[in-house]
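Listed below, chain by chain, are the residues.
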Amino acid sequence: QVQLVESGGGLVQTGGSLRLSCAASGRTFSRGVMGWFRQAPGKEREFVAGIYWSGGSTYYADSVKGRFTISRDNGKNTVYLQMRSLKPEDTAVYYCAASPKVFYGSSWYTSGAYDYWGQGTQVTVSS
């Protein structure tokens, strides 16, 4: 089993920044993928960003490209989501997700493709 714990959420004004962290523990894996999803009230959970544990390619939703950056620190088993130029529409619960599988194409964007999930952290952007 893999445990994922998110932190770093909070309340920020429009245009502000936050950095979310996701610490992995348990039977962690050197390969596979990590992703960030978010879910706003009354909406479906949506993909935000993804990265391979080994590094290399990153993937972003169109709505966050150029504003959010996903990165990882393998030594700390931690993945980060740096969020800049935040907008009220970024308000949501943000979830970290992981899978030991190698993803291709649409798997990145599909919540059901991930095997492990954190409990979520609230991000609220005030206007």
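Structure: see above.
Residues numbered from 1 in each chain as written. Predicted model: local features only at pLDDT ≥ 70, side-chain atom pairs only at ≥ 80, totals over all residues. Heavy atoms only, no water.

Considerations on the environment of Ile51
Operational definition: In this description a helix means any DSSP run of H or I spanning at least four residues, a strand means any run of E spanning at least two, and both kinds are numbered starting from the N terminus. Any two residues whose heavy atoms approach within 4.5 Å at even a single point are treated as in contact.
Relative to the helices and strands, Ile51 is located in strand β5 (residues 46-52). As for Ile51 and Tyr94, which are separated by 43 residues in sequence, their C-alpha atoms are 16 Å apart. Filtering out sequence-adjacent residues up to four positions away, Ile51 remains in contact with Gly32, Val33, Met34, Ser57, Thr58, Ile70, Ser71, Arg72, Val79 and Trp108.

What to know about the sheet that holds strand β3 (residues 18-26)
Formally: Strand pairing follows a simple DSSP-based rule, namely that at least 2 bridges must link the two strands. In this description, a line fitted to the C-alpha atoms serves as the axis of each element, helices being fitted only across the stretch in contact, and the angle between N-to-C directions of two axes falls anywhere from 0 to 180 degrees.
Spatial ordering of the open sheet is given by β1-β3-β8-β7, a layout of 4 strands whose pairing is antiparallel. Of all the strands in the sheet, just β1 (2-7) and β7 (68-73) have a single pairing partner and so form its edges. When strand polarity is set aside, the average angle formed by the axes of neighbouring strands in this sheet is 15°. Pairing geometry for β1 and β3, over 6 bridges, is antiparallel. Considered in β3, the bridge of Leu4 is made with Ala24.

Any functional reading would require information beyond the geometric quantities listed.
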